[in-house]
Amino acid sequence: MDINKTTSNPAVVAAMDAFIKEQTPRHELDMIGTLMRARFMSPVIFSAPVVDGQVPKDTQIQQYVINNPQGDRFFLAFTDEEAFKKWAKEEQRDFVLLNLAECLALIQHAKDENIKGLVVNPFSHNVTLTTEMLVNLPKRFEALRKSVPPRFLLGRPKTEPVELEEALQKFFKKKQKEVQEAWLLMALREGTKKPRYMLVVDYEGEPEDAKTMFPAIAEEAKPYLKEGDGLDIVRRNQKFAEDVLQKTEPFYQKKAGLLW
């Protein structure tokens, strides 16, 4: 065990702040994701003194609890030293670092049947996670991840894909004349490790036109993609790409006044 070693979880704090302010599926997804990755300072009582960060063999450990008005009891979990001191104040308290899975195991094996879960930062955020919620947290996270639109980290490719861009330029000129501008970016989708190409096109027409246009573009691009490369195609009206596009020159622009 990591005994009396402080930690800090600014991402958890920011995610809880956002969810408390506005309880949207996106904010819930962010909060659950950060909670599941974090370790927390959980105050405990050792039956023997801690010496140099170690406890003697066969030392018994007791968790501190907090009660709600209904008499239910909850273990305590703190994101950082500041939150911990709001509870401990000036008193010296021992603690261990635990993740949520370890907290759940302690709750499930507690002899006290009134232990109903844990509370994160009870004197500030007061985020209460019951035993049932802790058990189902991974399933809830996956359900939200599938329903909430993902975020992307966008940027320019490190190596300019010249052949791919030239092939698409010719294709737009001859067979996709509705395309006005096009950008080729690299996009790292939230929850993945490998970036993919993202082709952003600005075209004249209805949104439904993408159902035939985008597959045709993807088929044209296929021979110029290396093994393992992926390509996503979106229309420019996608808000998540707008900030990057304003700072990036398109690799294709339709020349006004020319007949092709």
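Within each chain, residues carry numbers counting from 1 in the order of the written sequence. In keeping with the model being predicted, local features are shown solely for residues with a pLDDT of at least 70 and side-chain atom pairs are shown and tallied solely at 80 or more, while totals for entire chains, interfaces and linings include all residues. The side-chain values count all of the structure's non-hydrogen atoms but skip hydrogen atoms and water molecules.

Visitor: Account for the sheet that holds strand β1 (residues 40-46), with residues named and values stated.
Guide: Think of a sheet as strands paired side by side through backbone hydrogen bonds, with each pair either parallel or antiparallel. In spatial order, the strands read β2-β1-β5; together these 3 strands make up an open sheet with antiparallel pairing. Two strands close off the open sheet at either side, each with one partner strand: β2 (61-63) and β5 (94-98). On average, each strand axis in the sheet is inclined to that of its neighbour by 50°, with strand direction left out of account. Of the strand pairs in this sheet, β1 and β5 are connected by 5 bridges, and their pairing is antiparallel. A pair of strands counts as paired when DSSP detects no fewer than two bridges linking them. A run of H or I in DSSP counts as a helix once it spans at least four residues, and a run of E counts as a strand once it spans at least two, with each numbered from the N terminus. Here, axes are lines fitted to C-alpha atoms. For helices the fit covers the stretch in contact, and angles between N-to-C directions go from 0 to 180 degrees.

Visitor: How would you sum up the UniProt feature "domain: SseB protein N-terminal" (unreviewed entry) in the protein? Please name residues and give values.
Guide: UniProt tags residues 13-134 as "domain: SseB protein N-terminal" (unreviewed entry). The distance from the first to the last C-alpha atom of residues 13-134 is 18 Å, and the span holds 35% helix and 27% strand. UniProt positions are given in the numbering used here, feature names are shortened, and annotations may be inferred rather than shown by experiment.

Visitor: For the packing of helix α2 (residues 25-37) against helix α5 (residues 131-147), give the residues involved together with the corresponding values.
Guide: It is at 10 Å that the axes of α2 and α5 come closest, and there the two elements cross at 140°. As the angle between them shows, α2 and α5 are arranged oblique. For the pair α2 and α5, the crossing hand works out as left-handed. Packed against α2, whose contacting residues are Pro 25, Glu 28, Leu 29, Ile 32, Gly 33 and Met 36, the element α5 presents Leu 137, Pro 138, Arg 140, Phe 141, Leu 144 and Arg 145 at the interface. Its residues assigned to classes, the contact of α2 with α5 shows 8 nonpolar, 1 polar and 3 charged. To sort the angles, those under 35 degrees are grouped as roughly parallel, those over 145 as roughly antiparallel, those from 65 to 115 as roughly perpendicular, and the leftovers as oblique. Each crossing gets its handedness from the near helix: less than a right angle anticlockwise from the far helix is left-handed, clockwise is right-handed. The contact criterion used is simple: two residues touch if any of their non-hydrogen atoms lie within 4.5 Å. The classification used treats Ala, Val, Leu, Ile, Met, Phe, Trp, Tyr, Cys and Pro as nonpolar, Asp, Glu, Lys and Arg as charged, and all other residues, Gly among them, as polar.

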